[in-house]
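The chain contents come next:
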Amino acid sequence: MWNRINANTVHLLYLSISSFLCLFMLFSGVIKDKLYFGEANVALLVGAILGPFAANAVDPNIWSHFDTVVLEFSRVVIIIQCFAVALELPKRYIHSHWKSLLWLVGPVVVWGWMVCTLLVWFMVPRLSFTQSMTIASCFNAIDPVMAATIVGNGRFARRIPAHLRNLLLAESASNDVTTSVCLGLSILLTRFPGTASELARSLFVYTILYQIFLAVGIGLTIGWAAGKALEYQEKNDSTDRESFLVFYLMVALVCIGLGSLLGIDDVLMAFCAGYNFDKTGWWRRKTEESHVSDAINLLLNLTYFVFLGSMIPWSSFNKPDLHISAWRLVAGTVLIFVLRRLPVIMLLKGVIPDIKTWREALFFGHFGPVGVGAIFSAALISSEPGKTGIAGNLLKPTPGDPMQISLWPVVTFVVLCSSIVHGSSIPLFKFAKQFNTLTITMSYTAGNEDGPGRAPPDTGEYPPGSLPTVGIPGALLRRQRGEDSDSNTSHTSSVIPRRRRRRKWDSGIGTGGSVSEYV
């Protein structure tokens, strides 16, 4: 009987990942709203447990064509997410918020690229400056998948003001414009010989005009044509409900296929197609109750981060013989999170219209997750043939090529740390708000003419038996009036303690009694 059991790698993969997905979906409310864990954090942890350094149930490192699997899986996840983000943005969002986005995808990304270049150079000193530029280009942009899993939905994500959520999502999905230029320039400087004029011509003609501008034009055209066709067919009852709901996914896959075939920026192309697909908001109104895009993204993201957790090269994070040391990785990663966005966002706060307060600038500068986009960029860099004409390999880099040897350990380490730090951003800010608005109450007795156990009459401006609010009053991220429905709930909850205190005073209880009566 037992010899009929065929426990090969593929079957273990099916069983382990599907079992995790079932358990996560059964307890997703508890995990997200009670334990404050994001889905990316949990999936990465499960992937690490299932991977070759623990249970060894899933080992992507032994798969043939590992680089191709990483590249294409990352491509599918990130493009579908960018298309979905563009669909969920408010109507004509880019037209009305282009100034903020221009600052974010321009000076902010370039600043982050230069800072990351210096820090990658610190993390792996044997790299040249141009090689550090190439690896640092993986960390340029906010990752759209991580951003959507953290601030896109969920009870704590809704604590962020709506204008900040929309700006973060729009930046994460559109900043591939600058990332493509930085990545193309660094690859040209690192791997292709030639004069400065030849490199500039190649950058302008191939990267900017062909890869970027052509991707924008084709993406807008595909999005407009697909949206009009679906709207016309839906009005004429020529499509059923199921096909209507998943049509956007097929359009995103068209962008993947056509963009890859033409060699243009398929991520930017998908974002433009999604933005132009539903300019009037009709598709959003038809599908707002179904949440089909959220369900598809959840399934893809959980599967991807389990896969990512299982392929993290833990043993490569400390290899002195390859000039990779753990303390340099830790110190460099911490500095990347501190210096990559925060200083420039605080400096440009006055010229970015959608960042209205210093608290919002602090949160926006802190929040810059590194995730699927960095893995995708690393796979792209590895797939580019070098001066020898031979493409690299993530797991088996070319001997003597320090950039290939350092690429995978550095990128995966920063992604791992980012999932922990930025994935915990919303709960940490929530806890900070609760501590910031903490009110200390106390009861005391005094011997006076009213008898023992009676407190003197209150003459201060604070409620009886309470001290002033500790710290800076108000929320850490102050919500704008009328931005979403949570504002009313927040206001109501903040008023309840005062009403309770007044009710006790009006009932004749007074200021005496036990401490529990006033807490």
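Now for a description of the structure that goes with this document. (Residues numbered from 1 in each chain as written. Predicted model: local features only at pLDDT ≥ 70, side-chain atom pairs only at ≥ 80, totals over all residues. Heavy atoms only, no water.)

Some words on the packing of helix α6 (residues 98–123) against helix α9 (residues 162–174)
Where α6 contacts α9, the axes come no closer than 10 Å and their chain directions differ by 50°. Classed by the angle they form, the pair α6 and α9 counts as oblique. When the axes of α6 and α9 are compared, the crossing they make is right-handed. Contacts between α6 and α9 involve S100, L101, L104 and V105 from the former and L167, A170, E171 and S174 from the latter. (Axes fitted to C-alpha atoms, helices over the stretch in contact; angles between N-to-C directions. Helix = DSSP H or I, 4+ residues; strand = E, 2+ residues; numbered from the N terminus. Parallel < 35°, antiparallel > 145°, perpendicular 65-115°, else oblique. Left-handed = near helix turned anticlockwise from the far one by under 90°. Contact = heavy atoms within 4.5 Å.)

A few points about helix α12 (residues 241–262)
Taking 1.5 Å of rise per residue, the 22 residues of α12 would be expected to cover 32 Å, and the 33 Å separating its terminal C-alpha atoms lies within 8% of that figure. Helix geometry: α12 is bent most strongly at F247, by close to 40°. Taken as a whole, α12 has its buried residues at F244, L245, Y248, L249, V251, A252, C255, I256 and G259. (Expected span 1.5 Å × (residues − 1). Bend = angle between axes of the 7 residues up to and from the residue. Buried < 20%, exposed > 50% of the residue type's maximum accessible area, 1.4 Å probe, protein only.)

Some remarks on the environment of W224
Tracing the chain through its elements places W224 in helix α11 (residues 196–235). Since its relative accessible area comes to 48%, W224 is described here as partly exposed.

What about unusual backbone geometry?
Phi at R92 is positive, roughly 55°, even though this residue is not glycine. A residue is classified by how much of its surface remains accessible, and R92, at 44% relative accessible area, is partly exposed. With a phi close to 55°, D237 is a non-glycine residue in the positive phi region. In this structure, D237 sits in the loop between α11 and α12. The exposure class of D237 is exposed, given its relative accessible area of 68%.

Notes on a positive patch on the surface
Taken together, the side chains of K91, R92, K228, K279 and R285 present a region of like positive charge at the surface. A relative accessible area of 44% places K228 in the partly exposed class. (Patch = residues over 30% accessible without salt bridge, like charges linked within 9 Å, V, L, I, M, F, W, Y side chains within 5 Å. Areas by Shrake-Rupley, 256 points an atom, 1.4 Å probe, with all protein chains shown as cover. Salt bridge = Lys/Arg side-chain N within 4 Å of Asp/Glu carboxyl O. Lys, Arg positive; Asp, Glu negative; His and termini not counted. Charge placed at Lys NZ, Arg CZ, Asp CG, Glu CD.)

Such coordinate-based values are descriptive only and should not be taken to indicate function.
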